[in-house]
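Below, each chain spelled out in residue letters.
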Amino acid sequence: MPGTTVHYPLDVTDERALAHAARDFVARFGAPDIVIANAGIGVGTLSDELADIEKLSRVLDVNVAGLAATLAAFAPGMRRAGRGTLVGIASVAGFRGLAGNGAYCASKSAAITWLESLRVELRGTGVSVVCICPGYIDTPMTRANRYRMPFLMTAEKAAPRFARAIAARRRRVVIPWQMALVSVLLRAMPGWLYDRLASRAPRKPRDVPI
Ligand SMILES: NC(=O)c1ccc[n+]([C@@H]2O[C@H](COP(=O)([O-])OP(=O)(O)OC[C@H]3O[C@@H](n4cnc5c(N)ncnc54)[C@H](OP(=O)(O)O)[C@@H]3O)[C@@H](O)[C@H]2O)c1
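A brief look at the structure comes next. Nothing here was measured: the structure is a model prediction, and the numbers come from that model.

### Quick word on the overall build of the chain
Right, so step 1: Per the secondary structure count, the chain includes 7 helices and 6 strands.
Right, so step 2: Start at the N end of the chain and walk to the C end: the helices and strands fall as α-β-α-β-α-β-β-α-β-α-β-α-α.
Right, so step 3: Relative to the 2.2 N^0.38 estimate, which gives 17 Å for 210 residues, the radius of gyration of the chain is 18 Å and therefore close to what a compact globule would have.
Right, so step 4: Its C-alpha atoms give the chain principal-axis dimensions of roughly 55 × 35 × 30 Å.
Right, so step 5: The 210 residues of the chain split such that 30% are buried.
Right, so step 6: Expressed as a percentage of contacts within the chain between residues at least 6 apart in sequence, the contacts between residues at least 24 apart total 71%.

### Considerations on the sheet that holds strand β3 (residues 127-134)
Right, so step 1: In spatial order, the strands read β1-β2-β3-β6; together these 4 strands make up an open sheet with parallel pairing. Unpaired on one side and paired on the other, β1 (34-37) and β6 (172-175) mark the two borders of the sheet. Sheet twist, expressed as the mean angle between neighbouring strand axes with direction ignored, is 20 degrees.
Right, so step 2: Note: β1 against strand β2 (residues 84-89), 4 bridges, orientation parallel. Across the sheet, residue I36 finds its bridge partner in β2, namely V87.
Right, so step 3: Along the sheet face, helix α3 (residues 102-121) touches β2 and β3 and points at about 165 degrees away from the line of β3.

### Overview of the site of the ligand
Right, so step 1: Of all residues adjacent to the ligand, which total 19 residues, the nearest are A39, G40, S91, T139 and M141.
Right, so step 2: The leading source of residues in the shell around the ligand is helix α4 (residues 140-143), at 3 residues.
Right, so step 3: Looking at side-chain class alone, the shell around the ligand contains 10 nonpolar, 8 polar and 1 charged residues.

### Observations regarding the pairing of β3
Right, so step 1: Within β3, 8 of the 8 residues are buried, which leaves it mostly tucked inside the rest of the structure.
Right, so step 2: Of the two faces of β3, both are covered, the one formed by V127, V129, C131 and C133 as well as the one formed by S128, V130, I132 and P134.
Right, so step 3: Handedness of the β2-α3-β3 crossover: right-handed.

### As for unusual backbone geometry
Right, so step 1: For the bond from I175 to P176, the omega torsion is 0 degrees, close enough to zero to count as cis.
Right, so step 2: You can see P176 is positioned in the loop between β6 and α6 (177-188).
Right, so step 3: The backbone of F151 shows a phi angle near 60 degrees, a positive value even though the residue is not glycine.
Right, so step 4: Position of F151 relative to the elements: it lies in the loop between α4 and β5 (153-154).
Right, so step 5: For F151, a count of 16 C-beta atoms within 10 Å gives the class partly exposed.
Right, so step 6: With a phi close to 55 degrees, R169 is a non-glycine residue in the positive phi region.
Right, so step 7: Mapping R169 onto the fold places it in the loop between α5 (155-167) and β6.
Right, so step 8: According to the C-beta neighbour criterion, R169 is exposed, with 11 such atoms within 10 Å.

### As for helix α2 (residues 53-81)
Count 3.6 residues to each turn of an α-helix, and residues three or four apart come out pointing the same way.
Right, so step 1: The end-to-end C-alpha distance of α2 is 41 Å, a good match for the 42 Å that 29 residues give at a rise of 1.5 Å each.
Right, so step 2: Residue A75 marks the point of greatest curvature in α2, where the axis turns by about 40 degrees; the proline P76 follows within four residues.

### Let's talk about the environment of A93
Right, so step 1: Examined against the element boundaries, A93 turns out to sit in the loop between β2 and α3.
Right, so step 2: Spatially, the C-alpha atoms of A93 and V43 are 12 Å apart, while their sequence positions differ by 50 residues.
Right, so step 3: When neighbours within four sequence positions are excluded, A93 is seen to be in contact with L98, N101, Y104, C105 and K108.

### Topic: the nonpolar core
Right, so step 1: Residues L71, F74, L86, A90, C131 and I132 are the most contacted members of the largest nonpolar core, which totals 42 residues.
Right, so step 2: Elements that contribute at least two residues to this core include exactly α1 (15-29), β1, α2, β2, α3, β3, α5 and β6.
Right, so step 3: Residue contributions to this core peak at 9 residues, all from α2.
Right, so step 4: In this structure I132 touches V87, I89, A90, F162, A165, V173 and I175, once residues within four positions along its chain are discounted.

Calculation criteria
Residues numbered from 1 in each chain as written. Predicted model: local features only at pLDDT ≥ 70, side-chain atom pairs only at ≥ 80, totals over all residues. Helix = DSSP H or I, 4+ residues; strand = E, 2+ residues; numbered from the N terminus. Rg over C-alpha atoms; globule rule 2.2 N^0.38 Å. Buried ≥ 20, exposed ≤ 12 C-beta atoms within 10 Å, placed from the backbone. Contact = placed C-beta atoms within 7 Å. Pairing = 2+ DSSP bridges. Axes fitted to C-alpha atoms, helices over the stretch in contact; angles between N-to-C directions. Near = placed C-beta within 6 Å. Nonpolar A, V, L, I, M, F, W, Y, C, P; charged D, E, K, R; others polar. Right-handed = clockwise from strand over helix to strand, strands pointing away. Expected span 1.5 Å × (residues − 1). Bend = angle between axes of the 7 residues up to and from the residue. Core = buried A, V, L, I, M, F, W, Y, C linked by C-beta atoms within 7 Å.

Read these as spatial facts, not as claims about activity.
In structure tokens form, the structure reads like this:
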């Protein structure tokens, strides 16, 4: 029904709640045209701190398993309908390991490859998979950062770009385009040079609650 909004407040790490929400939604409205797995958390971590492994587990739970479960809850109905777009919000942080942000980088890297596997598995079914890798967007998540964020965008400016990427069914897109250029450079950079630059970069605060 156009114009109808329904809410299913849930934790994406709760698979049963997701399955229930998906079943209810599909029964009422049919298979969705678009599902966006956007939920995510970020927190600074130190990779040689045993105390931070708990944070790593939680970040992986939400950013990888939660993303995967959100899409998997709706995928069968969309596959049966033979259409639709599944969207995962990853990050440019998934392209290289940043100092002080290991848990988040690992989670986004895993999200990118998970989405690629999903895309390949669904090839030919009519269901597309879009992986969006944003740079810095001004949201509560980035407001905790105490360093300059290059190419920071407002959510209002970013949203239409996300919408265009989804409509075009882009396999993987980095937003904004300036960050896409940076990530091409980052990915091509040899390890010795990357290590020098990345070890000097500012770090995400470790004291942000998750
Ligand atoms: N901001 C950036 O620069 C940036 C860059 C790259 C990627 N991203 C990604 O973009 C996505 C949105 O982030 P944001 O910047 O909008 O951050 P945000 O302002 O902190 O919002 C995060 C959202 O995720 C939800 N969420 C967190 N844990 C959840 C859980 N276990 N179950 C259900 N919902 C949960 C939050 O819901 P509640 O408010 O109810 O907790 C909130 O709506 C995330 O995946 C993030 O990693 C952000």
